[in-house]
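Residue-level structure breakdown
Here is how the chains run, residue by residue.
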Amino acid sequence: MASSKDYLAYILDQLSLLDGITHRAMMGEFILYKDKKIFGGIYDDRFLVKPTKSAMEKMPKAPHELPYEGAKEMLLVEDVDNREFLRELVTTMCAELPDPKSRKK
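Scope of this entry: the structure provided in the associated data block. (Residues numbered from 1 in each chain as written. Predicted model: local features only at pLDDT ≥ 70, side-chain atom pairs only at ≥ 80, totals over all residues. Heavy atoms only, no water.)

**A look at the pattern of salt bridges**
Within the structure shown, the criterion is met by seven salt bridges. In this structure, the salt-bridge partner of D35 is K34, at a minimum N-O distance of 3.0 Å. The buried category is assigned to K34, whose relative accessible area is 12%. Taking the shortest distance from any N to any O, the salt bridge between D44 and R46 comes out at 3.8 Å. (Salt bridge = Lys/Arg side-chain N within 4 Å of Asp/Glu carboxyl O. Buried < 20%, exposed > 50% of the residue type's maximum accessible area, 1.4 Å probe, protein only.)

Below you can see the structure in the form of structure tokens.
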């Protein structure tokens, strides 16, 4: 099942306290970036994030779910209505994530 653009729009609105949030459509789903770092995505109308140390600390009881068959497990963000929580979550996660690799041309 592909994710809806309405759910994407809702999550992007909830992340509006953050600068540098972008997204990219990928096979009916959406990859989410902050300052060019992939931190999560929308999969089957679920907001999933990478299981970084800070994400697991902020959401210790979050279900681990597969975004799609064959993928690594991610954490389901259940408190999507709390903008301040989402701001803190994404900010701390992205501080841990490595910088994107530069593409050679």
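**Quick look at the environment of S16**
Within the fold, S16 resides in the loop between α1 (5-14) and β1 (21-26). Among the residues examined, S16 registers a relative accessible area of 41% and is labelled partly exposed. Sequence separation between S16 and D99 is 83 residues, and the spatial gap between their C-alpha atoms is 22 Å. In this structure the side chain of S16 is engaged in a polar contact, spanning 3.4 Å, whose partner is the side chain of R83. (Helix = DSSP H or I, 4+ residues; strand = E, 2+ residues; numbered from the N terminus. Polar contact = N/O pair within 3.5 Å; in protein donor to acceptor, adjacent residues only side chain to side chain.)

**Here we look at the sheet that holds strand β6 (residues 74-76)**
A sheet is described by the order of its strands in space; here six strands give the open sequence β1-β2-β3-β4-β6-β5, paired in antiparallel fashion. The open sheet is flanked by β1 and β5 (64-65), the only strands paired with a single partner. In the sheet, strand β2 (residues 29-34) pairs with strand β3 (residues 37-43) via five bridges, with the strands oriented antiparallel. In the sheet register, F30 faces β3, and the bridge partner there is I42. In the packing of helix α3 (residues 83-96) onto the sheet, the strands contacted are β1, β2, β3 and β4 (46-49), and the crossing angle to β3 comes to about 135 degrees. (Pairing = 2+ DSSP bridges. Contact = heavy atoms within 4.5 Å. Axes fitted to C-alpha atoms, helices over the stretch in contact; angles between N-to-C directions.)

**Here's the deal with the packing of aromatic side chains**
On inspection of all chains with the given rule, the structure shows two aromatic pairs. For the ring pair Y7 and Y10, a centre distance of 6.5 Å and an interplane angle of 40 degrees mean the geometry is tilted. A residue pair is termed a helical-turn pair when its members lie 3 or 4 positions apart in one helix, as Y7 and Y10 do in helix α1 at three residues. Their ring planes at 45 degrees and their centres at 6.3 Å tell us that Y43 and Y68 sit as a pair that is tilted. Note that Y43 is positioned in strand β3 and Y68 in the loop between β5 and β6, a separation of 25 residues in sequence. Residue Y43 is classed as buried on the basis of its relative accessible area, which comes to 7%. (Phe/Tyr/Trp six-rings, centres within 6.5 Å; stacked < 30°, edge-to-face > 60°.)

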